[in-house]
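# Observations on chain architecture
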Amino acid sequence: MKADTHPDYHMIKVQMTDGTVFETRSTWGKEGDTLVLEIDPTSHPAWTGGTRQLDQGGRVAQFNKRFGGLSLKTN
């Protein structure tokens, strides 16, 4: 392996939004730095299954509101 081609890989601490901290290896920062997360799997709706903004008044709801009273007449 060539020397000086790879970034420094070292131990850092990661602080989750709920305050829990764990150690992992990373190229981010310097040895012993703490990475403070603003969004993580314990709080983000993509992982927790929270409600989606698009479901509230999305395209289908707009269509039904606009054309919901129309019906086809058969003779």
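Presented here is an overview of the structure given in this document. (Residues numbered from 1 in each chain as written. Predicted model: local features only at pLDDT ≥ 70, side-chain atom pairs only at ≥ 80, totals over all residues. Heavy atoms only, no water.)

## Focus: the overall build of the protein chain
Defined as follows: We count a stretch as a helix when DSSP gives it H or I for four or more residues in a row; a strand needs E for two or more, and each element gets its number in order from the N terminus. We call a residue buried when its accessible area falls under 20% of the maximum for its residue type, exposed when it is over 50%, and partly exposed in between, using a 1.4 Å probe and counting protein chains only. The contact rule is simple, with two residues in contact once any of their heavy atoms fall within 4.5 Å. The accessible surface values rely on the Shrake-Rupley method and a 1.4 Å probe; as for residues, cover is taken only from the protein chains in view.
Counting its regular elements, the protein chain contains two helices and three strands. Counting the 75 residues in the protein chain, one finds 9% classified as buried. Here the analysis covers contacts within the protein chain between residues at least 6 apart in sequence; of these, 8% occur between residues at least 24 apart. In the form shown here, the protein chain has an accessible surface area of approximately 7000 Å², with 53% of it arising from carbon and sulfur atoms.

## Regarding the pairing of strand S1 (residues 10-15)
The cut-off we apply is this: Here a strand pair is declared whenever DSSP counts at least two bridges between the two strands.
The alternating pattern of S1 places His10, Ile12 and Val14 on a buried face and Met11, Lys13 and Gln15 on a face that is not buried. Here six bridges tie S1 to strand S2 (residues 21-26), and the two strands are oriented antiparallel to one another. For Met11, the partnering residue across the bridge sits in S2 and is Arg25. The hairpin formed by S1 and S2 contains five residues between the paired strands, and Gly19 there has a positive phi angle of roughly 100°. As judged from the three bridges shared by S1 and strand S3 (residues 34-36), these two strands associate in the parallel manner. From the neighbouring strand, Gln15 faces S3, where its bridge partner is Val36.

## Remarks on the packing of aromatic side chains
Aromatic rings in a pair are described by how distant their centres are and how their planes are angled relative to each other. Keep this limit in mind: Pairing of aromatic rings covers Phe, Tyr and Trp, the last through its six-membered ring, and needs centres within 6.5 Å; plane angles under 30 degrees mean stacked, over 60 mean edge-to-face, and all others mean tilted.
Across all of its chains, the model carries one aromatic pair by this definition. Taking the centre distance of 5.1 Å and the plane angle of 45° together, the rings of Phe63 and Phe67 count as tilted. A residue pair is termed a helical-turn pair when its members lie 3 or 4 positions apart in one helix, as Phe63 and Phe67 do in helix H2 (residues 59-67) at four residues.

## As for the environment of Tyr9
Within the secondary structure, Tyr9 sits in the segment before S1. The spatial distance from the C-alpha of Tyr9 to the C-alpha of Ser26 is 5.4 Å, given a sequence separation of 17 residues. The residues contacting Tyr9, other than those within four sequence positions of it, are Arg25, Ser26 and Thr27.

## Regarding the sheet that holds S2
Stated precisely, the cut-off is as follows: Interaxial angles span 0 to 180 degrees and are taken between N-to-C directions of axes, which are lines fitted to C-alpha atoms, for helices over the stretch in contact.
A sheet is described by the order of its strands in space; here three strands give the open sequence S2-S1-S3, paired in mixed fashion. The open sheet has two free edges, formed respectively by S2 and S3, since each of these has just one partner strand. Across the sheet, the mean angle from the axis of one strand to that of its neighbour is 35°, orientation sign disregarded.

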